[in-house]
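# Geometric and topological summary
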Amino acid sequence: MSELTFESVNKEIESLNLDELESDLNLKSLDITSKLCQIWNKIGGIVRLIANIPLIPKKWRDALKLLISTLDSLCA
């Protein structure tokens, strides 16, 4: 995701078929890493936006940033 705006994040979220993703996860025969990355690549923008909210305690923001970098590395 190149630009973090409400519109760009919303576009990614709206493109998700949540029922299909949930159904696929319930099969437990899929490559979970692949499915996780498919979801992360769509919703990561939400987490990035939340991680930048100054009202959230610094330690929480740091934890979210660690999650972001971990999932970005996994899903690159």
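My aim in this report is to walk through the structure given alongside it, one point at a time.

Conventions and cut-offs
Residues numbered from 1 in each chain as written. Predicted model: local features only at pLDDT ≥ 70, side-chain atom pairs only at ≥ 80, totals over all residues. Heavy atoms only, no water. Helix = DSSP H or I, 4+ residues; strand = E, 2+ residues; numbered from the N terminus. Buried < 20%, exposed > 50% of the residue type's maximum accessible area, 1.4 Å probe, protein only. Contact = heavy atoms within 4.5 Å. Areas by Shrake-Rupley, 256 points an atom, 1.4 Å probe, with all protein chains shown as cover. Lys, Arg positive; Asp, Glu negative; His and termini not counted. Charge placed at Lys NZ, Arg CZ, Asp CG, Glu CD. Core = buried A, V, L, I, M, F, W, Y, C linked by side-chain atoms within 4.5 Å. Disulfide = S-S within 2.5 Å. Salt bridge = Lys/Arg side-chain N within 4 Å of Asp/Glu carboxyl O. Axes fitted to C-alpha atoms, helices over the stretch in contact; angles between N-to-C directions. Left-handed = near helix turned anticlockwise from the far one by under 90°.

## With respect to the overall build of the protein
Helix and strand counts for the protein stand at four helices and zero strands. Put simply, the protein runs from its N terminus to its C terminus through helices and strands in the order α-α-α-α. On the principal axes, the C-alpha backbone points of the protein span a range of 40 × 25 × 20 Å. By the burial criterion, 22% of the 76 residues in the protein qualify as buried. Put simply, of all contacts in the protein between residues at least 6 apart along the chain, 51% involve residues at least 24 apart. Surface summary for the protein: the accessible area is close to 5700 Å², and the carbon and sulfur share equals 59%. Across the protein, the 9 positively charged side chains and the 11 negatively charged ones have centroids separated by 10 Å.

## Digging into the nonpolar core
With seven residues, the main nonpolar core is built from Cys37, Trp40, Val47, Ala51, Ile68, Leu71 and Cys75. Looking at this core, the elements that each hand over two or more residues are helix H3 (32-51) and helix H4 (58-74). A per-element tally of this core places H3 first, with four residues. Among all residues touching Leu71, those that are not within four sequence positions of it are Leu36 and Trp40.

## Focus on the state of the cysteines
Applying the stated rule across the entire model yields one disulfide. For Cys37, the disulfide goes to Cys75, at an S-S distance of 2.1 Å. Because the torsion about its S-S bond is -80°, the bridge between Cys37 and Cys75 counts as left-handed. Note that Cys37 is positioned in helix H3 and Cys75 in the segment after H4, a separation of 38 residues in sequence. Residue classification places Cys37 among the buried positions, given a relative accessible area of 10%.

## Topic: the side chain of Arg61
Mapped onto the fold, Arg61 is located in helix H4. In this structure Arg61 is buried but unpaired, with Asp62 as the nearest side chain of opposite charge at 5.9 Å.

## Overview of the packing of helix H1 (residues 6-14) against H3
The interhelical angle for the contact between H1 and H3, taken along N-to-C directions, is 145°, at an axis separation of 8 Å. Both H1 and H3 take part in a crossing whose hand is left-handed. Of the residues in H3, those in contact with Val9, Glu12 and Ile13 of H1 are Asn41, Lys42, Ile43, Gly45, Ile46 and Leu49.

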